[in-house]
Amino acid sequence: MASFIPTSAAKNSGYPSSMAIPDDVRVFSIFGKPMVSTKKTKTTILNVATNMSGAQSPLQKEVVDERKLVAWASVRQERWKGELDVKGEIPKWLNGTYIRNGPGLWHLGDYNFRHLFDGYATLVRLSFDNSRLVMGHRQIESDAYKAAKKSNKLCYREFSEVPKYDNFLAYICDLANLFSSASLTDNANTGVVKLADGRVVCLTETIKGSIVIDPNTLDTLEKLEYSDSLGGLIHAAHPIVTDSEFLTLLPDLLNPGYMVARMDPGTNERKVIGRVDCRGGPSPGWVHSFPVTEHYVIVPEMPLRYCAKNLLKAEPTPLYKFRWCPESKGFMHVMCKASGKIVASVEVPLFVTFHFINAYEEKDEEGRITGVIMDCCEHYADTTILDNLRLQNLRSWGGEDVLPDARYTTMYFVHR
C-alpha cells in the first residue's frame, strides 16, 4: 500500500507513438500459457481463473494463541526521531533518504478500527549518511486526522468506517456531503510520490487526499489543489510519475469509464489525454494502480466494480464499497499517450489485483513493435483478500497464513 522515494525506472523499449494494435491482438499470461486470443472481433477464452466469489474466509476457526504483531499495532506517539543501532555495517556509498507512508494509527480512544486501510496515515523516513541511519515518523495532518484528534471520534468516511450518526437527519446530511466529497476522507495513507518539480505528495484514492509534505521534517505543508475542472471524487492511488509527467486515472462513476490525465511539472492542472468507456458492468472497476509504458497507458477494467449501494450503507459489506460482477468480465484497454486513442481493447480472464509491478514495450531488430508486456500481483480472482485484511484477522496468529494466495502474472499483448 505504500510507495517510496526515489522510485526505480521500469524497462522501456520503443513503440512509435503512432503505432496501433487494433485487430490482430493476442494476449498471453502466466508462464507463457495463452489466456485470451482475439483475432479481429472473435474472442476465445482459453484459461479462465476460477470464480472464488463464494469462498468463505479461512479465519472462522477459533485461534487459541492470539498474539499481537507489532506491524498491526498503532504508533505510540505522533512524532518521533532518533538514530538507530546498526548490526553490521551500512556501506558508505549508501547515502540518501527513503520515505514511505501507510496506515499507522488504528484507534480513537477506546474505539478500534476494523480494517487495515482505515488507519490514519503515518510517514516514515529513513536517512542514510556515512554508515549512520536516522529514522523518523510523523502523522500526516489531514483534515480527517485533525478532526478525529480534536473530537475523539470519526468525522469522515474511511475505507470501511463511517461516522456514527446522532440521528437520521445527520445521516441524510452525510449522504448529501458524500456526493460533493465533503464527507470523504483525505487520509493520505496509500502512496508517496516525488513530482518532477521537487514537491513530495502523499496520496490516497480520494482526490481531496493529495497532501504535500516536507521530506526533511515530515511536516504537512498544504493540500495539492488541482486547478482544473475535471471534478470527480476518486483517482488511482498510485499515479505514474516521471521527470516529465504525472499520469493518473479518474474513474467516472456517472458515465461508466475512465479518464486518463496528465499533469506537467510545476503545475496543478490535469489535462485529459483520452477516455475509456467500460465494456462491461454497470460501473467502472476498481483501479488502485495501473501500468504505463513509454508510449502507452494500460487501463485495467476489473470485474470488482464500484457499487453505489454499498457505498451508501452505514455498515460495511464483505466487499465494502465494491461489488463482484463476474458476468461483466474483465478487460484491458491500451491507450496511445500521444493521441489518446484506444489501440487495443481485449477481454482477459477474471482478475483481482491491487498492484501492477512493471510494464514495458518490445520491438524487433528492425525497430518494429512486437508487443506490450505487463506484470501484476493477481489474487486468483479471489475477492476475499479484501475482507481478510481486517485487523482482527491480521492480528490473529494460528501458525497459518491468514491471506489467500496470490500469483505473479504476466500479460503479453502481441502484434503480428
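It should be noted that the structure appears before, not after, this text.
Read on for an overview of the structure. (Residues numbered from 1 in each chain as written. Predicted model: local features only at pLDDT ≥ 70, side-chain atom pairs only at ≥ 80, totals over all residues. Heavy atoms only, no water.)

### Some remarks on the overall build of the protein chain
When helices and strands are counted, the protein chain shows five helices and 25 strands. In the protein chain, which comprises 416 residues, the proportion classed as buried is 51%. (Helix = DSSP H or I, 4+ residues; strand = E, 2+ residues; numbered from the N terminus. Buried < 20%, exposed > 50% of the residue type's maximum accessible area, 1.4 Å probe, protein only.)

### A word on the sheet that holds strand β18 (residues 296–301)
A sheet is described by the order of its strands in space; here three strands give the open sequence β18-β21-β22, paired in antiparallel fashion. Sheet topology places β18 and β22 (342–348) at the edges, where each strand pairs with a single neighbour. On average, each strand axis in the sheet is inclined to that of its neighbour by 15 degrees, with strand direction left out of account. As paired elements, β18 and strand β21 (residues 330–336) share six bridges and run antiparallel to each other. Counted as the bridge partner of Glu 301 is Phe 331 from β21. (Pairing = 2+ DSSP bridges. Axes fitted to C-alpha atoms, helices over the stretch in contact; angles between N-to-C directions.)

### A short note on the nonpolar core
By size, the foremost hydrophobic cluster in this structure holds 49 residues, and its most contacted members are Tyr 120, Trp 286, Leu 304, Met 332, Met 374, Leu 386 and Phe 413. Among the elements that make up this core, the one with the highest residue count is β22 (four residues). Setting aside residues no more than four positions away along its own chain, Met 332 makes contact with Ile 298, Val 299, Pro 300, Ala 344, Ser 345, Val 346, Val 348, Phe 351, Phe 356, Met 374, Met 411 and Phe 413. Counting residues in hydrophobic clusters, the runner-up holds 14 residues, among them Tyr 258, Val 287, Phe 290 and Met 335. (Core = buried A, V, L, I, M, F, W, Y, C linked by side-chain atoms within 4.5 Å. Contact = heavy atoms within 4.5 Å.)

### Observations regarding the environment of Gly 231
Within the secondary structure, Gly 231 is located in the loop between β13 (220–223) and β14 (240–241). On the basis of relative accessibility, which here comes to 36%, the residue Gly 231 falls in the partly exposed class. Taking the C-alpha atoms as reference points, Gly 231 and Leu 250, separated by 19 residues in sequence, lie 9.3 Å from one another.

### Quick look at helix α1 (residues 143–151)
Listing the buried residues of α1 in full gives Ala 144, Tyr 145 and Ala 148. Taken down its axis, α1 places every buried residue within 95 degrees of arc, on the same side. Summarising the contacts, the buried residues of α1 are in contact with β5 (96–105), β6 (107–108), β8 (120–129) and β9 (132–139). (Arc of directions from axis to C-beta.)

### Remarks on the sheet that holds β13
What the four strands build is an open sheet, ordered β10-β11-β12-β13; its pairing is antiparallel. The open sheet terminates on both sides in strands that have one partner only, identified here as β10 (191–194) and β13. Each neighbouring strand pair of the sheet contributes to a mean axis angle of 30 degrees, computed without reference to strand direction. Where strand β12 (residues 211–213) meets β13, three bridges bridge the pair, whose relative direction is antiparallel. By the bridge assignment, Ile 211 is partnered in β13 with Lys 223.

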